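Survey of secondary and tertiary structure
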Amino acid sequence: NVVESTNEYLKPAEAAKVYDRIGRFQDWQSFYEARAVETMTLLARFGSAHAVVEFGCGTGAYARNLLAHELPQNATYVGLDVSSAMVRIAAKRLRPWAGRAEVRQTNGSPQLELSAQSFDRFVSNYVFELLEPCYARAVLKEAHRVLVPGGILGLVSLTHGSRGMAKMVSHMWEALWEFQPALLGGCRPTRLRDLVSPELWL
């Protein structure tokens, strides 16, 4: 029951169908994702955050950690996801913080229904490897719009292996993605640096 795609990248609606089906299994990936996510969390300095938005909140596991251990008691959180299954799972997981946290289902557009300069942290973990480059750049432009001056952008992504086994696995992953991206949930190795506009962020 693989979702067909007309090109190598899954469209948002296609990605939503994939993650509606496999969303409840996503937390098992933490064994290889955790180290990079922990590093980003440290660099993002959430202890001084007031308002966080997460693009692609998934099961809400990361948000739960932020709210329980990282964010000040008065900080707020908004999670965005295109998958209805992910939104349901995340909303249930974040019920203990119902007064401070909310989860919204998006329509797949890179334009976010968020006010300008309304957040001081914009984070996204293992989502940008799903996105077509022009779509990803549009999302990053929106991230810049919704962040306050001096706000922090925190991104973690699947990337290319540079040597040894990591390089071999990376090549195999890319080959399988080119054959049928939905088999990998649409994910492929990507370089975040190639997507970040120096005019906006540097």
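The coordinates are above.
Read on for a plain summary of the structure. Every value quoted in this text rests on a predicted model; they were computed, and no experiment measured them.

Tallied over the full model, the rule gives three salt bridges. Between arginine 104 and glutamate 102 there is a salt bridge; the shortest N-O distance is 3.1 Å. Its relative accessible area of 30% is what places arginine 104 among the partly exposed residues. For glutamate 102, a relative accessible area of 37% puts it in the partly exposed group.

Turning our attention to the sheet that holds strand 2 (residues 76–81). Strands sit in the order 3-2-1-4-5 across an open sheet of five strands; the sheet is parallel. Of all the strands in the sheet, the pair left with one neighbour each is strand 3 (101–105) and strand 5 (147–156). Within this sheet the neighbouring strands show an average axis-to-axis angle of 20 degrees, counted without direction. Each of strand 2 and strand 3 touches helix 4 (residues 84–93); the most contacted strand, strand 3, lies at about 170 degrees to it. Contacting strand 1 (51–55), strand 4 (119–125) and strand 5, helix 5 (residues 133–146) runs over the sheet at an angle of about 145 degrees to strand 5.

Parameters and conventions
- Residues numbered from 1 in each chain as written.
- Predicted model: local features only at pLDDT ≥ 70, side-chain atom pairs only at ≥ 80, totals over all residues.
- Heavy atoms only, no water.
- Salt bridge = Lys/Arg side-chain N within 4 Å of Asp/Glu carboxyl O.
- Buried < 20%, exposed > 50% of the residue type's maximum accessible area, 1.4 Å probe, protein only.
- Pairing = 2+ DSSP bridges.
- Helix = DSSP H or I, 4+ residues; strand = E, 2+ residues; numbered from the N terminus.
- Axes fitted to C-alpha atoms, helices over the stretch in contact; angles between N-to-C directions.
- Contact = heavy atoms within 4.5 Å.

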